[in-house]
Amino acid sequence: METGLTHWGDIFVVIVYFCFVLGVGLWSLCRPNRGTTSGYFLAGRDMVWWPIGASLFASNIGSEHFIGLAGTGAASGIGMIAYEWMLMPLVILLSWIFLPVYISAGVYTLPEYLQRRFGGQRLRVYLSVLTLVLYIVTKIAVCIYAGALFIQLSLGWDMYLSIVLLLAITAVYTVLGGLAAVIYTDTLQTAIMMIGSSILCGIGFVKIGGLEGLQERYMTAVPSVRVNNTTCGYPRQDAFHIFRSLTNSDLPWIGTILQSSIGCVWYWCADQVIVQRALAARNLTHAKGGAILAGYLKILPLFFMIYPGMISRVLYADEVACVDAETCDRVCGNPGGCSNIAYPKLVLGLMPVGLRGLMMAVMMSAIMSSLTSIFNSSSTIFTMDLWRRFRSSASERELLLVGRVFIVFLCGVSIAWIPLVKSSAGGQLFVYIQAIQSYLGTAIGALFFTAIIWKRMNEKGAFFGILAGHTCGVIRMILDFVYPGPECGVADTRPAIVANMHYSYFGTLVIIVSVSVIVVVSLLTEPLPKERLDGMTWWTKVSGSRPKDTTLELTEINLEEKDGKCHTMNTTTSVDSQTIKSSDVGLPAPEDRPEKTGGGLCKRWVDLIMGRADEHAVNVNVQTQLAEDPKWQKVVNINAVIGMCVMMFMYGYFG
């Protein structure tokens, strides 16, 4: 494949992009409270609706979408868009049902919510570890691989050199700036993605004669080298439909609807990456507005990713749609198929000088927005849910340092997983993502939904329910790796549970198993005391109420320099957990704090890296976060209804 970005115009555009992103990232470092856990992990709980919505969209739309979703479009048509358009009801469920309970519980992380809801530690530890594993196998490794693939194809660099470059650039403002830096840079990158993708889509449609030309030419886009006497290499006859056959299609419509809706409750309502952005909102109305904005933006992937992938197949069928193993290995280094190169191939083949650089910036935006979001959320979970358990006396400054260091560890583990990602799902990256999430993520969604709506659920039911669901999911995931799908034209000799049960059906089965075990075990064991439920479910949430015996103990560290060395002073306090302080609740009043000695070189370097707490931070009361102005409440409610109508129209028109 021809490599791009050799012209000075393309290089100039990429340099300008990096200057803008780093400028926004460095500007966000000037925000107060970057040196507190609330400021670093929740952006001080002071974000308004439009950066929240842009960050929700950018956090989800990563390089795996541009590479994977376009590749799936090239291979099998528009069917996978069902997972994108189902976002609207899911973010409404998040903002109207889940988020008020999370705010009422006053939590940083979702494993922390489980501990406060049920008591004990094992659920919190189990879910924390599992979430980090899921981030590695379905998010970080996939995003790094997809981004490195694009850079490799664009610049001709070695894949692992590309990965190192990606991680180095991404780590700078993520490690230093926390969630605020991530959200503000996500907002800029969303705008860049929209502009660049619109231009590419327009040029592509002009090239092939519009939508009618695509519908006609896609169905005849067949590679010249294929297996004789088979349909290998031919497009699916239902490529332009979402609702497909229940028995002999790649996306049976019932399974697709179930998996993209109730199966994705985990991703949109109980995943740290998404919920953390909603928790950073100034109040519930801003969170709802941001969620609805993200829902509208998710209509666009059909036009910005799937259609360009299908156009790429029309123009470059021999490379993008290859089915012969030797040909595919020569084209993209993956004998399983080369549909993942559809988007970069279109960029390099169609875009003129300057616009190639813009599309490189678009891909870098997608890569960096996803990685920064995942890194920040992963470090939040590890620091607040795991490290504090083993280091209960850890100071606030220690927690901030541990969160930053953990990001580096994640990078190494994710790189080690990349070879498995590369060889999975016959070269269709997005199929791999959805399959793994259906095996491991669906049980988490069932757990959280049941915990919020059913007061009788207890800790034993929750633990054994999610354990049963994940046991089923892990067994199926192992079988998928042991028995990969056969090449086109080869008889399928896999076990029936792998060959005949689509992953979307299996995800629904995992939900049924999980909920059944939760209900049975909970009913057979003792219920939780009523005071434990105060503020923890939809039915018991009240304005600012949480269990009365719960207090948050926090430690602040003050750095001093004496005799040329750094020294620390710890101040610990416990506060009523009804009030959440934006500087991580419960620090002494400014006038009661020991005066900081200023100016030492050691202290200045630590403040630069770790940030400084704002001594004039205000209290953010739970009642304030849950309060909604009647006028704006009506506005977001009307927009939610409109959004649902738009979603149903799109399903009906393209179904």
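The rules behind the values
Residues numbered from 1 in each chain as written. Predicted model: local features only at pLDDT ≥ 70, side-chain atom pairs only at ≥ 80, totals over all residues. Heavy atoms only, no water. Helix = DSSP H or I, 4+ residues; strand = E, 2+ residues; numbered from the N terminus. Contact = heavy atoms within 4.5 Å. Buried < 20%, exposed > 50% of the residue type's maximum accessible area, 1.4 Å probe, protein only. Axes fitted to C-alpha atoms, helices over the stretch in contact; angles between N-to-C directions. Parallel < 35°, antiparallel > 145°, perpendicular 65-115°, else oblique. Left-handed = near helix turned anticlockwise from the far one by under 90°. Disulfide = S-S within 2.5 Å. pLDDT = per-residue confidence, 0-100. Patch = residues over 30% accessible without salt bridge, like charges linked within 9 Å, V, L, I, M, F, W, Y side chains within 5 Å. Areas by Shrake-Rupley, 256 points an atom, 1.4 Å probe, with all protein chains shown as cover. Salt bridge = Lys/Arg side-chain N within 4 Å of Asp/Glu carboxyl O. Core = buried A, V, L, I, M, F, W, Y, C linked by side-chain atoms within 4.5 Å. Phe/Tyr/Trp six-rings, centres within 6.5 Å; stacked < 30°, edge-to-face > 60°. Lys NZ or Arg CZ within 6 Å of the ring centre and 35° of its normal.

This paragraph deals with the overall build of the protein. Along the backbone of the protein there are 28 helices and 4 strands. Pairs at least 24 residues apart make up 81% of the contacts formed inside the protein by residues separated by at least 6 positions.

Another point: the environment of Leu56. Summarising the element assignment, Leu56 is placed in helix H3 (residues 49-60). A relative accessible area of 2% means that Leu56 is categorised as buried. Sequence separation of Leu56 and Thr190 is 134 residues, and the distance between their C-alpha atoms is 9.9 Å. Dropping the residues within four chain positions of it, Leu56 is found in contact with Trp268, Ile274, Arg277, Gly290, Ala291 and Ala294.

A word on the packing of helix H14 (residues 284-297) against helix H28 (residues 630-654). A pair of packed helices can be characterised by two numbers: the angle between their axes and the separation between those axes. Running from N to C, H14 and H28 point in directions that differ by 20 degrees, and their axes come no closer than 10 Å. Here H14 is positioned roughly parallel relative to H28, judged by the angle of their axes. Where H14 crosses over H28, the two elements pack in a sense that is left-handed. Residues Thr285, Lys288, Gly289, Ile292 and Tyr296 of H14 touch H28, and the partners they reach there are Trp632, Val636, Asn639, Ala640, Ile642 and Gly643.

This paragraph deals with the state of the cysteines. Scanning the entire structure with this criterion turns up 1 disulfide. The residue that forms a disulfide with Cys322 is Cys328, at a sulfur-sulfur distance of 2.2 Å. Across the disulfide from Cys322 to Cys328, rotation about the S-S bond amounts to roughly 130 degrees, and the bridge is consequently right-handed. For Cys328, a relative accessible area of 1% gives the class buried. Lacking any disulfide linkage, Cys269 is separated from the closest cysteine sulfur, that of Cys264, by 9.9 Å.

The next subject is the confidence of the model for the protein. Mean pLDDT over the protein: 77, with 75% of residues reaching 70 or higher. Of all helices and strands in the protein, the one with the weakest mean pLDDT is strand S1 (residues 551-562) (36), whereas helix H22 (residues 442-453) scores best (94). Between residues 613-619, whose pLDDT stays under 50, and residues either more than four places distant or in other chains, the model counts 17 contacts.

Moving on: a nonpolar patch on the surface. Together, Phe243, Leu246, Trp253 and Ile254 make up an exposed nonpolar region whose accessible area comes to about 330 Å². Position of Phe243 relative to the elements: it lies in the loop between helix H10 (210-218) and helix H11 (253-260). Given the relative accessible area of 36%, Phe243 is considered partly exposed.

This paragraph deals with the nonpolar core. Burial of nonpolar side chains together is a common tendency in soluble globular proteins. Counting residues in hydrophobic clusters, the biggest one holds 165 residues, and the most contacted among them are Phe66, Trp85, Tyr102, Tyr113, Leu214 and Phe448. Counting residues per element, this core draws most heavily on helix H8 (residues 122-155), at 16 residues. Those residues in contact with Phe448 that lie beyond four places of it in its chain are Phe98, Tyr102, Leu110, Tyr113, Leu114, Leu127 and Ala270.

Let us now look at the packing of aromatic side chains. All chains considered together, the criterion is met by 22 aromatic pairs. Between Phe98 and Tyr102, the ring centres sit 6.1 Å apart and the planes meet at 50 degrees, which makes this aromatic pair tilted. Separated by 4 residues within a single helix, Phe98 and Tyr102 lie in helix H6 (residues 87-105), roughly one turn from each other. We note that Phe98, like Tyr102, is buried. Measuring from centroid to centroid gives 6.0 Å for Tyr126 and Phe463, while their planes differ by 70 degrees, and the two rings are edge-to-face. Placement of Tyr126 in helix H8 and of Phe463 in helix H23 (residues 459-482) is noted, with a sequence separation of 337 residues between them. Judged by relative accessible area, which is 22%, Tyr126 ranks as partly exposed. The rings of Trp85, Phe243, Trp253, Phe649, Tyr651, Tyr653 and Phe654 are connected pair by pair, giving a single aromatic cluster. Over the aromatic face of Phe463 sits the side chain of Arg122, whose NZ or CZ is 4.2 Å from the ring centroid. The lysine or arginine in question, Lys541, covers the ring of Trp538, its NZ or CZ lying 3.5 Å from the ring centre.

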